[in-house]
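# Topology and contacts: notes
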Amino acid sequence: MNKHDYLSKDENVQTLGKELGEMLLRNSEPEKTGLLVDWLSSVELQIAGPNEKLQMNLLFSKQKLSCRPLLISVLLQRASWRTLSSVVNHLLYNKEMEYCPVSILDFLTALTQSPRLWQGRDKATPKHHHFENVLHLSTQQLQRLIDYILQEAIETDDKWKRKMETRVPLLQYSINSSLKPIVLHLVAKTENCKQAEHLLTILYMSLPCIRQYISSEHNLSELHVDGVSSAVDVISHTLISALTATARIKDWNRRSQDLELCTRKLAATHPDLVLRQLPMIAGSLRGRAQYDWTVLKSRGHFVLFGQILGLLELLQPYVFQKPDALCNILDSYFLLLKYHGTMKELNYIVSRTVNFLQNWMVKDIKNALKYLQQNGHVLNDIQISQPSVRPLLSTVSFPATDQSSSTEQILVGTATAPAPDPLPQHWPAIVGSLQSHDPLPALQDLDHMSNKKPQLLQNVSQHLYNALSSLNSLVRNLSLNLVLKLLKHNPNASSEALPSILCCLENRNADVVESIINRLPEIVVTMQEHALVILTRVFQLGVNSHINANTGICKSIALLNLQSGS
């Protein structure tokens, strides 16, 4: 009986489809597979009954069927949206994991890219177009999707990493507001599954915002993947390349401060991703230390050395896990000390460099001593004009002159972390004055001391937050300046500063509100994770009151756009 005979008879279509499906599953005659698929696609235009066991096995069972891609294609082209939705729900609510993960993931990927979904859309994709979430999966379904991705990786050969990377866009575009439970579900599986660790790393590189849901004990830098691009790469490359350009323009000092502010925030939030730019930083510093001192200062190179050193301090201890790139960066600093080590202006940089080297010795004594063996003589030569190197020299004895060979070894005592800077003798008086009715003298002292020791502000941060709503404009503005200085030094302190900033925006005193709005761009950049809350509140103020919030909002958005090169 041929195909036309089957179609000419008035038989039960469902029964006929069932028989054809069973013949395909038995696969007893492979040479007739194409004919059977043609018959099945002609009889069951929508592959009716998606919840039936036979049809699910035909499409997604773990049995290998050469005709499966064609069947899935027919399903996508001819099935109604209700049928497709039923198939998706059946697959992703199934807890048995009885189906083939490869077939399921191929089906979901093809479904999101189906031309039927995009009919009537613009052919020219807008510049800032974001892929739409067309599946609208629930939290439980997303967790099941993760399980299928992991199961596919486990069942794949040595190339499972590359296969997993091709599945990440499907997961990324399907994630909705239920981001936290998805990340926690994946983190729980990393304890005994290396595939889950790799997936978490790739997902973090695609969606850096998930870092807030991963505990600090979970060291993602150990899972760092150099061959995969990250969403932070473009931003970090743009900021660092712009910062190291040291352009000869009139407002470069102000512009470089904005760039440094954005870069420090990025380094504090995503240190393990900013580490990818260490080779570029090393290349950008190379050749600057040999400039004449006048050129070094007048063209912004000296300031750049201080800014890059600040980034290295924020990247501790992650930066010590990249010794090769770190050594290339430190080469430029030791050249700076070699050529200009006697200049008094270098005292602050020398002190911070010595502290950084001491921290390196504590974390990685082997690589630190290997580097100091080759370059430590520079510190010996400048110890008279730079006494801040003596704490390091007290535990490490370097050769007096440069040695081309390593025959003369350095002598090492006990590697100790740098001692914290002692508090000023009048510190108790400053703290007491901050709690008095006139904290202005104490704030002025803090402003002077924090120019070189901004870490002091951390000890009195709560007093500074309380002074933000002061009726005295001098106290209010100076305390806000110190809070911003603290947030620049320690960008991770933004969460504890947020309640005070929001309270000031809700203050009935218009002067208090305007003092915050006047510094809104710096506040938003240093508190980017809370930018939506702050800007929304400022916008509401602009709508519901007579306060002019347009300028502050526009400048804030412009400063945020600076990170993407806009």
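In what follows, the accompanying structure is described. None of the values given here were measured: they were computed from a predicted structure.

### Some remarks on the overall build of the chain
For the chain, the helix and strand inventory stands at 31 helices and two strands. By residue count, 49% of the 566 residues in the chain fall in the buried class. Contacts in the chain between residues at least 24 apart in sequence constitute 71% of all its contacts with a sequence separation of at least 6. Working note: accessible area of the chain is about 28900 Å², and carbon and sulfur atoms make up 51% of it.

### Details of the nonpolar core
Counting residues in each nonpolar core, the largest one holds 116 residues, and the members touching the most others are Phe60 and Phe107. For this core, the leading source of residues is helix 18 (residues 323–340), giving nine residues. In contact with Phe60, not counting residues within four places along its chain, are Arg68, Ile72, Val87, Leu91, Tyr99, Cys100, Ser103, Ile104 and Phe107. By size, the runner-up hydrophobic cluster in this structure holds 45 residues, among which are Leu457, Ala493, Val512 and Leu535.

### A word on the packing of aromatic side chains
By the definition in use, this model includes six aromatic pairs. Between Phe305 and Tyr333, the aromatic rings sit 5.2 Å apart at their centres with planes inclined by 85°, giving edge-to-face as the arrangement. Of this pair, Phe305 sits in helix 17 (residues 301–314) while Tyr333 is found in helix 18, placing the two residues 28 residues apart along the sequence. Taken as a pair, Phe305 and Tyr333 share a single burial class, namely buried. Note on Trp360 and Tyr371: the rings are 6.0 Å apart at their centroids and 45° apart in plane angle, and the pair reads as tilted. One end of the pair, Trp360, is in helix 19 (residues 347–363); the other, Tyr371, is in helix 20 (residues 365–375), with 11 residues separating them in the sequence. Just as Trp360 is buried, Tyr371 falls in that class too. Between the NZ or CZ atom of Arg211 and the centre of the ring of Tyr204, over which it lies, the distance is 5.9 Å.

### What to know about the packing of helix 6 (residues 81–92) against helix 8 (residues 139–155)
Running from N to C, helix 6 and helix 8 cross one another at 70°; their axes reach a closest spacing of 9 Å. With respect to helix 8, the element helix 6 is oriented roughly perpendicular. Residues Val88, Asn89, Leu91 and Leu92 of helix 6 form the contact with helix 8, whose participating residues are Gln140, Gln141, Arg144, Leu145 and Tyr148. The residue makeup of the contact of helix 6 with helix 8, split by class, is five nonpolar, three polar and one charged.

### Describing the pattern of salt bridges
Counted according to the given criterion, the structure contains 12 salt bridges. Among the salt bridges present, the one from Glu152 reaches Arg167, with a minimum N-O distance of 2.8 Å. Linking Glu152 in helix 8 with Arg167 in helix 9 (residues 160–174), this pair joins segments that are 15 residues apart in sequence. Taken as a pair, Glu152 and Arg167 share a single burial class, namely buried. Salt-bridge contacts for Lys265 lead to Glu529; the nearest nitrogen and oxygen are separated by 2.8 Å. With Lys265 in helix 13 (residues 252–269) and Glu529 in the loop between helix 29 (520–526) and helix 30 (531–544), the pair connects residues that are 264 residues apart, well separated along the chain. Given the relative accessible area of 4%, Lys265 is considered buried. Owing to a relative accessible area of 46%, Glu529 belongs among the partly exposed residues under this scheme.

### Focus: the side chain of Lys265
A distance of 3.1 Å separates the side chain of Lys265 from the backbone oxygen of Thr526, its partner in a polar contact. Apart from the residues lying within four places of it in its own chain, the contact partners of Lys265 are Pro491, Ser494, Val525, Thr526, Met527, Gln528 and Glu529.

Criteria and thresholds
- Residues numbered from 1 in each chain as written.
- Predicted model: local features only at pLDDT ≥ 70, side-chain atom pairs only at ≥ 80, totals over all residues.
- Heavy atoms only, no water.
- Helix = DSSP H or I, 4+ residues; strand = E, 2+ residues; numbered from the N terminus.
- Buried < 20%, exposed > 50% of the residue type's maximum accessible area, 1.4 Å probe, protein only.
- Contact = heavy atoms within 4.5 Å.
- Areas by Shrake-Rupley, 256 points an atom, 1.4 Å probe, with all protein chains shown as cover.
- Core = buried A, V, L, I, M, F, W, Y, C linked by side-chain atoms within 4.5 Å.
- Phe/Tyr/Trp six-rings, centres within 6.5 Å; stacked < 30°, edge-to-face > 60°.
- Lys NZ or Arg CZ within 6 Å of the ring centre and 35° of its normal.
- Axes fitted to C-alpha atoms, helices over the stretch in contact; angles between N-to-C directions.
- Parallel < 35°, antiparallel > 145°, perpendicular 65-115°, else oblique.
- Nonpolar A, V, L, I, M, F, W, Y, C, P; charged D, E, K, R; others polar.
- Salt bridge = Lys/Arg side-chain N within 4 Å of Asp/Glu carboxyl O.
- Polar contact = N/O pair within 3.5 Å; in protein donor to acceptor, adjacent residues only side chain to side chain.

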